Amino acid sequence: MKNLPDILLGSILVVDDLRVNVELLERMLESAGYTSVASTMNPLEVCELHRKNRYDLILLDLQMPGMDGFQVLEKLKEIEPDSYLPVLVITAQPEHKVRALKAGAKDFIGKPIERAEVLARVHNMLEVRLLHKALHHYNELLELRIQARTADLQESYLEMVSTMTRTAEHRNDDTGGSARPISYYSRELARLLGQDEEFIDRIFFASPMHDIGKVGIPDHILLKPGGLTPDEWEIMKRYTSMGSKVLGNSKSPYLRMGAEIALNHHEQWDGGGYPNGKRGEAIPLAARIVNVCSTYDA
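Below you will find a few notes about this structure. Computed from a predicted model, the values in this text were never measured in an experiment.

So, on to the overall build of the protein. A tally of helices and strands in the protein yields 14 helices and five strands. The buried share of the protein, taken over its 298 residues, is 50%. Excluding contacts between residues fewer than 6 apart, the proportion of contacts in the protein whose partners are at least 24 apart in sequence is 65%. In the structure as shown, the protein presents an accessible area of about 14300 Å², 52% of it carried by carbon and sulfur atoms.

So, about the sheet that holds strand β2 (residues 36-40). Read across the sheet, five strands follow the order β2-β1-β3-β4-β5 without closing on themselves; strand pairing throughout is parallel. Single-partner strands in this sheet number two, and they are β2 and β5 (107-110). Strand-to-strand twist in this sheet, taken as the mean axis angle between neighbours without regard to direction, amounts to 20°. As paired strands, strand β3 (residues 57-61) and strand β4 (residues 87-91) are joined by four bridges and run parallel to one another. Looking at the pairing, L60 lines up with V89 of β4. In this fold helix α4 (residues 69-79) packs onto β3 and β4, with an angle of close to 150° to the strand it touches most, β3.

Before going further, it helps to examine the pattern of salt bridges. Going through the model one piece at a time under the given rule, you end up with eleven salt bridges. Across the salt bridge formed by R191 and E188, the nearest N and O atoms sit 3.0 Å from each other. Of this pair, R191 and E188 both sit in helix α8 (residues 179-192), three residues apart, roughly one helical turn. Accessibility expressed as a relative area gives 38% for R191, which makes it partly exposed.

Rules and cut-offs
- Residues numbered from 1 in each chain as written.
- Predicted model: local features only at pLDDT ≥ 70, side-chain atom pairs only at ≥ 80, totals over all residues.
- Heavy atoms only, no water.
- Helix = DSSP H or I, 4+ residues; strand = E, 2+ residues; numbered from the N terminus.
- Buried < 20%, exposed > 50% of the residue type's maximum accessible area, 1.4 Å probe, protein only.
- Contact = heavy atoms within 4.5 Å.
- Areas by Shrake-Rupley, 256 points an atom, 1.4 Å probe, with all protein chains shown as cover.
- Pairing = 2+ DSSP bridges.
- Axes fitted to C-alpha atoms, helices over the stretch in contact; angles between N-to-C directions.
- Salt bridge = Lys/Arg side-chain N within 4 Å of Asp/Glu carboxyl O.

Below, the structure is given as structure tokens:
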């Protein structure tokens, strides 16, 4: 978990066509101790500013002349290399909230703007963003160590897995709490199935990351008491794809298997699972093993 000073150093861009809203948000953030707050009232400037500065968080109004917030989101997708849009939208329209989340925004602030809500959501978003950046950086370091075949690769990998698992646990008591025993269950089941030692080793270290994508689910959905609405459930199910993106595109066999498990561990043998409705042996074996082990653990 990032400590408070790290979060206060996060770079923030406020985007709103009304000066009064921009000044209000700037005052709120600066009074809370945030030290890197920029703003623009021209939505056409957002993408170029983000390309230049790579903001940790963008507070984006949805209703603006010339280019609305939804169009800005689409343009930001084109320049964000890891497919993680650090965008917190601002809207007074309830129907716009789910649409914005589906378009790639990570959370929303309602209008009229309330200081407590703004600071809570900004803090949570920056915490997740900085964790995401740390994981991405760790992935890059791991790639370098693999290429160099350094002697301390295994120790570093274990530390990274532990960090990822703690990240999931921090986001929600029900997220990642069973990650560690699932490592042992998965290893033993793979051994019972007659898999070779390489597969057994990989699934032991890859399986704890099966729920890591939940770090990208908004708090109001992930932590919601009671049942989810159909729209909220569709957003919730995307955590499998998010986990695959966080861990994917790696030369590390551990991270590749982790991405495979994250994406597929809610698929079902009869085709009734998600996100892609795979069935039977079309579901990777590692994901099938983790599916069984997580069900057993529950």
